[in-house]
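So you can see what is in the structure, the chains are spelled out below.
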Protein chains: 2
Amino acid sequence: MIAEKYKQMLGQKSVIRELSEYATERAKQIGAENIFDYSLGNPSVPVPQEFTDQLVKLASSDNPMAVHGYSPSLGITSVREKVAASLSRRFGLNYKKEHIFMTSGAAGALAHALRSVVAAGDEVLTFAPFFPEYTPYVHGLDAELKVVPPNTETFQINFDAFEEMLSPKVSAVLINTPNNPSGAVYSTETIKKLASILTQKQEEFGHDIYLISDEPYREIVFNHVDAPYVATYYANTLTCYSFSKSLSLPGERIGYVAVNPNCPDAELIVNMCGQISRGIGHNCPPSIIQLAVAEVIDQTSDLSVYEKNKDILYDGLTKLGFSCVKPGGTFYIFPKALEEDAVAFSKRALKYDLILVPADSFGCPGYFRMAYCIPTEKVERSLAAFEKLAEDYKQ
Amino acid sequence: MIAEKYKQMLGQKSVIRELSEYATERAKQIGAENIFDYSLGNPSVPVPQEFTDQLVKLASSDNPMAVHGYSPSLGITSVREKVAASLSRRFGLNYKKEHIFMTSGAAGALAHALRSVVAAGDEVLTFAPFFPEYTPYVHGLDAELKVVPPNTETFQINFDAFEEMLSPKVSAVLINTPNNPSGAVYSTETIKKLASILTQKQEEFGHDIYLISDEPYREIVFNHVDAPYVATYYANTLTCYSFSKSLSLPGERIGYVAVNPNCPDAELIVNMCGQISRGIGHNCPPSIIQLAVAEVIDQTSDLSVYEKNKDILYDGLTKLGFSCVKPGGTFYIFPKALEEDAVAFSKRALKYDLILVPADSFGCPGYFRMAYCIPTEKVERSLAAFEKLAEDYKQ
């Protein structure tokens, strides 16, 4: 009695994974230096030395039973306190440990946040383009994910479409800023307008609507870009964070849910996350990684390379005639394909050893995503390949 | 719209946690050395030095992006290969990496194993006494957990009751040997008989019945005890393992599901586990811990203290008149309380600063569990307290 629902998921192959596997194979033929692999969002800069030093110190502790011991189900108390203090210091809200639930990365954070405020049969709204893994998170709780069509001029929110889709069945709205895949950062104006609509609709519908804010790219915002802290503007905000990108630790599975201290049910939601964990076998992120991250809580890797790469690509691609919204953060750029069918476009790009992800699975057909967390010299060299690709479309 | 199902779980307080919190408070008053805290199953011996050395080496790598990078969704390939090779070497079955799915501890392993072969509405059978967290794992998938009453003579399987309860609605049978809380180890005779019944019923019902074998205590088996490898006797076995107890790493969340290579759907089940992860936000155990564990795959901590503690307690308690099945492994012992109501008994034990867990939540009222992963000198000193407690019942 194999569970049919997961068996069926096996058929849905990941385009990103397929392209990445192709790139690995092709690299063996022509050399890795000749492949311009823009498929995967794996950080390309090292973790800060201070993190490594702390990790080595913890591993070498003369009380290994304490370092490697069970974490309480909501996370190690001192770690939750340090996360809360850091958020309060940086963003002005009065976070305490009672508002923090430690998770296995942003995936764990989203899985818990959604389960805590969404019941079977509810609707969750998100905005195209969106991270395709939102779909299994929401389907896993028998709720429905509805995707608001994009505003392709700016990749800010398409408010007309949003208001039309915001029905009483919606219990949560899921945003991701800075955005994977568009690179857009929601402006203060956008967040304020979103908060105002949600506040009004909560009253109209007579129930809470939670804002789940997926923020793994929070620390990768480019110079002078307006990047408000979402929770500041809306009490019912559950902030989902991961240290994957800010500290270049994607494999160590460490993040948190921070519930806005002004949310009336904040402490209840955090305690519920502990109960949700029991059923899904989550049971805390690794103890030693919790402890090490807490020691470098306000640090990041040197993230400046991403802005440098963005500048080179944005200038180069627009010069070649690509239409593209300028990214405000992340390490993604999201240009329009040179033909309507982005899958066909991405296939043609392979001729020039450019690995580009068509955005159909992100809910935005006709566009493609590039993850430019690769060495700068390679980004520079890739422009010649893009030039050939653009030429190809002129013939 | 707070999710009611998790909100309601908040009311169900954990007896173990409450007792452990009481012990911590009481220790502040009378000194930790005067509290005999047998409540928590936290390993009391250090991780092997070789693990620490490997962890430090990995943390200090000159390619931190590789060490801390994303793990493939089924686990790091080289780690899966090493786990498979170790199992094959030790137990003779022909495991390959295709049969291994790396998980965040036994909790992650059980959550995935159950989801892969149990659908909503199915029944799962387990045997009293049983680990109470099985309940949320099974309820989380809207299936029903049915508990076969214990054979209190030996804490082997009560086969009469089992056969009566094994209906066509049962898609999985969940066992835990060596057992938490009884300390019993299922004998070869028990496993063979279980396998034979399951094989016969599979045929009779015309569908698979999976055996999910929860084995975090596999390496803690005492001298001369018959401790067969479960999967040897039944093809449809999903072995759920954790390194928490064998390497004293409970907080680092590292384990695996190993599907018997003779299970016709073995590779399908492993691949499905990868899909299950997507919905529950699990996404692999920490990369650096996967890599470090793989380097010490056949090692354990020095586990001999547990057998020493067992001998002292078993001899001491039986001499005092406690009725008790001799543990074959784990670091638990499971005596009968001195009155019918084990909760009242456990309360009376507090007078002598003995922290004992009544077994009602393990499905075995009238018994209590002791986790003797504490220093041996403390175990010795605790016997005087037990003597006073036994005296108390004679008055």
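Residues numbered from 1 in each chain as written. Chains lettered and ligands numbered in written order. Predicted model: local features only at pLDDT ≥ 70, side-chain atom pairs only at ≥ 80, totals over all residues. Heavy atoms only, no water.

Caption draft 1: View of the UniProt feature "domain: Aminotransferase class I/classII large" (unreviewed entry) in chain A. UniProt records the feature "domain: Aminotransferase class I/classII large" (unreviewed entry) for residues 61-385 of chain A in the present numbering. Along residues 61-385 of chain A the backbone is 37% helical and 14% strand, and the end-to-end C-alpha distance reaches 51 Å. (UniProt positions renumbered as here; feature names shortened; annotations may be inferred. Helix = DSSP H or I, 4+ residues; strand = E, 2+ residues; numbered from the N terminus.)

Caption draft 2: View of the interface of chain A and chain B. Contacts between the two partners involve 73 residues from chain A and, on the opposite side, 73 residues from chain B. Here chain A packs against chain B, burying approximately 5800 Å² in sum over the two surfaces, 62% of which is carbon and sulfur. Of all residues in chain A, the largest losses of buried area upon contact with chain B belong to M1(A), Y70(A) and R278(A), amounting jointly to 15% of the total for that side. Where chain A packs against chain B, one counts two salt bridges. A salt bridge links E133(A) to R278(B); the shortest N-O distance between them is 2.9 Å. Seen at the junction of chain A and chain B, the total is 19 residue pairs in polar contact (both at pLDDT 80 or more). Counting residues per element, the ones that place at least two in the side of chain A that touches chain B are α1 (4-9), α3 (49-59), α4 (64-67), α6 (105-117), α7 (134-139), β5 (170-176), α10 (266-280) and α11 (287-295) of chain A. Per-element tally for the side of chain A that touches chain B: the top contributor is α10(A), with nine residues. Broken down by class, the residue content of the side of chain A that touches chain B amounts to 39 nonpolar, 22 polar and twelve charged. (Contact = heavy atoms within 4.5 Å. Buried area = accessible area lost by both parts, 1.4 Å probe. Salt bridge = Lys/Arg side-chain N within 4 Å of Asp/Glu carboxyl O. Polar contact = N/O pair within 3.5 Å; in protein donor to acceptor, adjacent residues only side chain to side chain. Nonpolar A, V, L, I, M, F, W, Y, C, P; charged D, E, K, R; others polar.)

Caption draft 3: Looking closely at the packing of helix α12 (residues 304-319) of chain B against helix α14 (residues 376-394) of chain B. Residues and elements named next belong to chain B. The contact between α12 and α14 brings their axes to 10 Å, and the two run at 15 degrees. Regarding the angle of α12 to α14, the classification is roughly parallel. Our pair here, α12 against α14, has a crossing hand that is right-handed. Side by side, α12 and α14 meet where V305, K308, N309, I312, L313, G316 and L317 of the first sit next to T376, V379, E380, S382, L383 and F386 of the second. Each residue belonging to the contact of α12 with α14 can be placed in one class, and the counts come to seven nonpolar, four polar and two charged. (Axes fitted to C-alpha atoms, helices over the stretch in contact; angles between N-to-C directions. Parallel < 35°, antiparallel > 145°, perpendicular 65-115°, else oblique. Left-handed = near helix turned anticlockwise from the far one by under 90°.)

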